[in-house]
Amino acid sequence: MKLKEFVAGVAIMSALGVGMFLSSSQVSASVWHKGMPNALKGTWRTHNRKIVKGTYEYYILKIKGSRIDGTMFANTHGPIQEDAGPINVYNTHYRYLGNHVYRIRAKNALGNASTQINLKWLNKHTMQTYWKSGNKWVVEGYYR
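The written sequence of each chain sets the order in which its residues are numbered from 1. Local features in this predicted model are restricted to residues whose pLDDT is 70 or higher, and side-chain atom pairs enter the listing and the counts only when it is 80 or higher, whereas totals over whole chains, interfaces and linings include all residues. To obtain the side-chain values, all non-hydrogen atoms of the structure were used and water was disregarded.

Comments concerning the overall build of the chain
Basically, it comes down to this: The secondary structure listing takes helices from DSSP runs of H or I that are at least 4 residues long and strands from runs of E that are at least 2 residues long, numbered from the N terminus. Exposure is judged per residue with a 1.4 Å probe applied to protein chains only, and the accessible area is read against the type maximum: over 50% gives exposed, under 20% gives buried, and values in between give partly exposed. Should any heavy atoms of two residues lie within 4.5 Å, those residues are counted as being in contact. Surface accessibility follows the Shrake-Rupley procedure with a 1.4 Å probe radius. Residue values consider only the protein chains on display as shielding.
Assigned secondary structure in the chain consists of one helix and ten strands. For the chain, the succession of helices and strands along the chain, N to C, is α-β-β-β-β-β-β-β-β-β-β. Put simply, the chain has 144 residues, and 27% of those count as buried. Across the chain, contacts joining residues at least 24 apart in sequence account for 32% of those joining residues at least 6 apart. Entry remark: accessible area of the chain is about 10,200 Å², with carbon and sulfur atoms responsible for 56%.

Comments concerning the side chain of His93
For clarity, the cut-off: Counting of polar contacts relies on pairs of N or O atoms within 3.5 Å, with two restrictions inside protein: one atom must be capable of donating a hydrogen and the other of accepting it, and residues adjacent in sequence are counted only when both atoms are side-chain atoms.
Residue placement: His93 occurs in strand E6 (residues 80-98). Residue His93 is classed as buried on the basis of its relative accessible area, which comes to 17%. Only 3.3 Å separates the side chain of His93 from the backbone oxygen of Asn91, close enough to count as a polar contact. Setting aside its immediate chain neighbours within four residues, His93 contacts Trp32, His33, Lys34, Gly35, Arg103, Ile104 and Arg105.

Some words on the pattern of salt bridges
Filter applied, for reference: Definition used for salt bridges: Asp or Glu carboxyl oxygen within 4 Å of a side-chain nitrogen of Lys or Arg.
Under the criterion given, the structure shown has three salt bridges. Glu57 is the salt-bridge partner of Arg49, the closest N and O atoms lying 3.3 Å from each other. Looking at Arg49, the relative accessible area reads 33%, which means it is partly exposed. Relative accessible area serves as the criterion here: at 13%, Glu57 is assigned to the buried category. Where Asp69 meets Arg67, a salt bridge forms, and the shortest distance between an N and an O atom there is 3.1 Å. In the salt-bridge network here, residues are joined through shared partners; they are Arg49, Glu57 and Glu140.

Digging into the pairing of strand E3 (residues 49-52)
Condition: Strand pairing is assigned whenever DSSP detects at least two bridges linking the two strands.
Where E3 and strand E4 (residues 55-64) come together, three bridges link them in antiparallel fashion. Each bridged residue has a counterpart across the sheet, and for Arg49 the counterpart in E4 is Glu57. Linking two consecutive strands that pair antiparallel, namely E3 and E4, is a turn of two residues; a positive phi of about 85 degrees is found at Gly54 within it.

With respect to the nonpolar core
Definition in use: Here, nonpolar core refers to any group of buried Ala, Val, Leu, Ile, Met, Phe, Trp, Tyr and Cys residues whose side-chain atoms link them within 4.5 Å.
In terms of nonpolar packing, the biggest core is built from 19 residues, with Ile68, Ile104 and Met127 touching the most fellow members. Secondary-structure elements contributing two or more residues to this core are E4, strand E5 (67-75), E6, strand E7 (101-108), strand E8 (114-123) and strand E9 (126-133). Sequence-distant contacts of Ile68, that is, excluding residues within four places in its chain, are made with Met36, Leu61, Lys62, Ile63, Ile87, Asn88, Val89, Thr92 and Ile104.

Digging into the side chain of Glu57
By the secondary structure assignment, Glu57 is in strand E4. Excluding anything up to four places from it in sequence, Glu57 contacts His47, Asn48, Arg49, Ile51, Met72, Phe73 and Ala74.

Some points on the pairing of E7
As defined by bridge partners, E7 adjoins E8 across seven bridges and the pair is classed as antiparallel. Note that in E8 the partner of Ile104 across the bridge is Ile117. Here E7 folds back onto E8 in antiparallel fashion, the turn holding five residues, of which Gly111 has a positive phi close to 80 degrees.

Here it is as structure tokens:
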């Protein structure tokens, strides 16, 4: 009788042990992360670009927390003029696409539409931005 109880006990314990290994919980990481990647945070600027004779422009991006503030500067024959740049967004979320490319999803400065921008981190001194304007991609190079 004791042998039957022992065999039954071993069978129940082994079934419970196998069941514990088969029912492992699934863990999935979030695809979209809040904020900005650490590699892209900081102040970035473009090289001077000649518009017309004697007038140059350049852009400065300040990436901090969950904001990207872009400013355009135009240097004419006098004081430097400052204007809002092409990228002014907040409430950013990013997704890593591979090969140092991040897709940024954020709300624009007016808060009424979402914007998507691709940023490619080339090294600690340079990056490129890609955004769609109509049917073509606009590429802009930035450095620190």
